[in-house]
Protein chains: 2
Amino acid sequence: MTDGTGATGRLTARAREIVAAARDLLEESGPAALTMRTLADRLGIKAPSLYKHFPDKHAVEVELAAQMLEESAEALETAATRTPGSLEELARAYRTYALSHPHLYCLATERPLPRASLPAGLEDRAALPLLRACGGDLDLARATWAFAHGMVVLEIHGRFPEDADLDAAWKRGLRALHP
Amino acid sequence: MTDGTGATGRLTARAREIVAAARDLLEESGPAALTMRTLADRLGIKAPSLYKHFPDKHAVEVELAAQMLEESAEALETAATRTPGSLEELARAYRTYALSHPHLYCLATERPLPRASLPAGLEDRAALPLLRACGGDLDLARATWAFAHGMVVLEIHGRFPEDADLDAAWKRGLRALHP
DNA sequence: GGTCATGGCTAACGGCGTTAGCTAAGATGC
DNA sequence: GCATCTTAGCTAACGCCGTTAGCCATGACC
């Protein structure tokens, strides 16, 4: 188990404050509200001062993506520990986490993974619980991940019909992928 | 079969030229390159003139999303006609279309569906081939759609490991969902 | 106590979407 | 055939955005 931020040591204290404020802003008001000026405002400083701590806005967003990856990994690990081998519980944890942090989930997900800037091993760690639940079948794990990600983003972006029974679609997909 | 644009009659000729230029710009250079100024440039006019034809940039993007929906529906219908009942061929058509137009696919997909501005019935039409291939099982169709969408967007955004065998993951997922 | 790094600041640049207001050209009505 | 109105362009400008340059106070270090 980690410190929950994954950035202690990698970032200065002030940089972590900035990331925390950025996260609040993003989660409360969406990606359009996450501007360098409003972020600085929330910290009681001016926008250019942010560049003493991060080279550009993208670097802040990468930090947010890393948080999301780390936290979702933790959520999956917790579920796997509580109910070993249950893909249903893993899926529930994934869905719950993503829908609790929709803006963060999309920010972290809808662009290339910044592997170079990520803590070593984080990507594998996030994938491991699902891979184990799939008995080491890499193809099945990837297919299941795609299914879960697809369900979550389609739901977040309101692509399903209003009256769609998403619980039933989840059940049906999981039953097929993990009989 | 339609005219392939779906907008004849709904849009003026000039508006259709603008959408066509916007599409070229988007597909060639990505969403960041799609600005009102560069779009106007490509048409040999100035940015404010675009507002004589569309109320705002979003309206242009909605037109692009409608094109994507229409064309992917056509691709699926063609596949369903050529190889009736084959989910493999449907999936291949979906993947091929999305990967041939990645920026357009993401633009149309990574935001709420503008149902009010869409041609009537288009959403249902796009969903029908898959629903039929699933024997009318709505839950299975939605699960399969989520799987396919997840595979495509994760591939587009480079989220899978470099060496991942995506063909195998597609096969594995489809085999599970449609035994 | 002088030196230097830290972390603020103001002013400004170029690009964005968008609005206001002007105008040339063509269609329309009598 | 002329007046009128609509169309579709234009320039200028506004308020945002990310970002850079350059200045300055504070406090740590030898």
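Residues numbered from 1 in each chain as written. Chains lettered and ligands numbered in written order. Predicted model: local features only at pLDDT ≥ 70, side-chain atom pairs only at ≥ 80, totals over all residues. Heavy atoms only, no water.

**Side note on the overall build of chain A**
Of the regular secondary structure elements, chain A holds eight helices and zero strands. For 179 residues, the compact-globule estimate of 2.2 N^0.38 gives 16 Å, and chain A sits close to it at 18 Å. Along the longest, intermediate and shortest principal axes, the C-alpha atoms of chain A span 55 × 40 × 25 Å. Going through the 179 residues of chain A one by one, you find that 51% of them count as buried. Sequence-distant contacts, at least 24 apart, represent 64% of the contacts inside chain A between residues at least 6 apart. Of the roughly 8600 Å² that chain A leaves accessible, carbon and sulfur atoms contribute 55%. (Helix = DSSP H or I, 4+ residues; strand = E, 2+ residues; numbered from the N terminus. Rg over C-alpha atoms; globule rule 2.2 N^0.38 Å. Buried < 20%, exposed > 50% of the residue type's maximum accessible area, 1.4 Å probe, protein only. Contact = heavy atoms within 4.5 Å. Areas by Shrake-Rupley, 256 points an atom, 1.4 Å probe, with all protein chains shown as cover.)

**Structural notes on the protein's contact with DNA strand C**
Around DNA strand C sit 17 residues in total, of which Lys46 of chain A together with Met36, Arg37, Tyr51 and Lys57 of chain B are the nearest. Here the atoms of DNA strand C within 4 Å of the protein split so that 46% fall in sugar or phosphate, with bases taking the remainder. For DNA strand C, a phosphate oxygen lies 3.0 Å from a polar atom in the side chain of His53 of chain A. Residue Met36 of chain B places a main-chain N or O atom 2.8 Å away from a phosphate oxygen belonging to DNA strand C. Tallied by class, the residues present in the surface near DNA strand C amount to six nonpolar, four polar and seven charged. (Near = heavy atom within 4 Å. Polar contact = N/O pair within 3.5 Å; in protein donor to acceptor, adjacent residues only side chain to side chain. Nonpolar A, V, L, I, M, F, W, Y, C, P; charged D, E, K, R; others polar.)

**Comments concerning the relation of the copies chain A and chain B**
Taken as rigid bodies, chain A and chain B are interconverted by a rotation of 180 degrees and an axial shift of 0.0 Å, the fit giving an RMSD of 0.0 Å. Here the two chains are linked by the operation of a two-fold rotation axis. Most of the interface of chain A is mirrored in chain B: 100% of its interface residues are interface residues there too. (Least-squares fit on C-alpha atoms with pLDDT ≥ 70 in both.)

**Quick word on the protein's contact with DNA strand D**
Within the structure, DNA strand D sits among 17 residues, and Met36, Arg37 and Tyr51 of chain A together with Lys46 and His53 of chain B are positioned closest to it. The protein-proximal atoms of DNA strand D, defined as those within 4 Å of the protein, are 44% sugar or phosphate. With respect to DNA strand D, the side chain of Arg14 of chain B contributes an N or O atom lying 3.3 Å from a phosphate oxygen. Between DNA strand D and the protein, one listed contact pairs a phosphate oxygen with a side-chain N or O atom of Ser49 of chain B at 2.9 Å.

**Describing the packing of helix 4 (residues 87-100) of chain A against helix 8 (residues 166-177) of chain A**
Residue and element names in this part refer to chain A. One way to put it is that helix 4 packs onto helix 8 with a least axis distance of 11 Å and a crossing angle of 140 degrees. With respect to their mutual orientation, helix 4 and helix 8 come out oblique. Crossing of helix 4 over helix 8 shows right-handed handedness. Taken together, the residues of helix 8 that come into contact with helix 4 (itself represented by Leu87, Glu88, Ala91 and Arg95) are Leu166, Asp167, Trp170 and Leu174. Looking at the contact of helix 4 with helix 8 residue by residue, the classes come out as five nonpolar, no polar and three charged. (Axes fitted to C-alpha atoms, helices over the stretch in contact; angles between N-to-C directions. Parallel < 35°, antiparallel > 145°, perpendicular 65-115°, else oblique. Left-handed = near helix turned anticlockwise from the far one by under 90°.)

**Some remarks on the interface of chain A and chain B**
Much of the literature gives interface size as the accessible area that the parts lose upon coming together. With 35 residues of chain A at the interface, the matching set in chain B holds 35 residues. For the chain A face of the interface with chain B, the top three residues by lost area are Arg142, Arg159 and Arg172 of chain A, together amounting to 23%. With its nearest N and O atoms 3.3 Å apart, the salt bridge here joins Arg172 of chain B to Asp137 of chain A. For the pair chain A and chain B, the number of links is twelve residue pairs in polar contact (both at pLDDT 80 or more). At the level of elements, helix 5 (102-109), helix 7 (138-156) and helix 8 of chain A are the ones that each hand at least two residues to the side of chain A that touches chain B. (Buried area = accessible area lost by both parts, 1.4 Å probe. Salt bridge = Lys/Arg side-chain N within 4 Å of Asp/Glu carboxyl O.)

**Quick look at the side chain of Glu61 of chain B**
Residues and elements named next belong to chain B. Topologically, Glu61 is positioned in helix 3 (residues 57-82). Given a relative accessible area of 14%, Glu61 falls into the buried group. For Glu61, the side chain forms a polar contact with the side chain of Arg111, separated by 3.3 Å. Beyond its immediate chain neighbours, meaning those up to four positions away, Glu61 contacts Leu107 and Arg111.

**Some details on the pattern of salt bridges**
Applying the stated criterion to the full structure yields 26 salt bridges over all chains. When the shortest N-O distance is used, the salt bridge between Glu123 of chain B and Arg115 of chain B registers 3.0 Å. Look at the salt bridges and you will find they share partners, linking Arg23, Glu27 and Glu71 of chain A into a network.

**Quick word on the nonpolar core**
Core analysis: the biggest nonpolar cluster contains 118 residues, and Phe147 of chain A together with Phe147 of chain B have the highest contact counts within it. The residues contacting Phe147 of chain B, other than those within four sequence positions of it, are Ala143, Ala146 and Phe147 of chain A together with Ala169, Trp170, Gly173, Leu174 and Leu177 of chain B. The next biggest cluster of nonpolar side chains, apart from the first, holds seven residues, and it includes Ala66, Leu113, Leu118 and Ala126 of chain B. (Core = buried A, V, L, I, M, F, W, Y, C linked by side-chain atoms within 4.5 Å.)

**A few points about helix 4 of chain A**
Residues and elements named next belong to chain A. Taking 1.5 Å per residue, 14 residues should reach 20 Å; helix 4 reaches 20 Å between its end C-alpha atoms and fits that length. Of all the residues in helix 4, the buried ones are Leu87, Leu90, Ala91, Ala93, Tyr94, Arg95, Tyr97 and Ala98. Each element contacted by the buried residues of helix 4 is listed here: helix 1 (13-29), helix 3 (57-82), helix 5, helix 6 (122-133), helix 7 and helix 8. (Expected span 1.5 Å × (residues − 1).)

**Concerning the packing of helix 8 of chain A against helix 7 (residues 138-156) of chain B**
Relative orientation of the contacting elements helix 8 of chain A and helix 7 of chain B amounts to 75 degrees, with a least axis distance of 8 Å. Between helix 8 of chain A and helix 7 of chain B, the angle is such that the two are roughly perpendicular. Contacts between helix 8 of chain A and helix 7 of chain B involve Ala168, Ala169, Arg172 and Gly173 of chain A from the first element and Asp139, Leu140, Arg142 and Ala143 of chain B from the second. For the contact of helix 8 of chain A with helix 7 of chain B, a count of residues per class yields four nonpolar, one polar and three charged.

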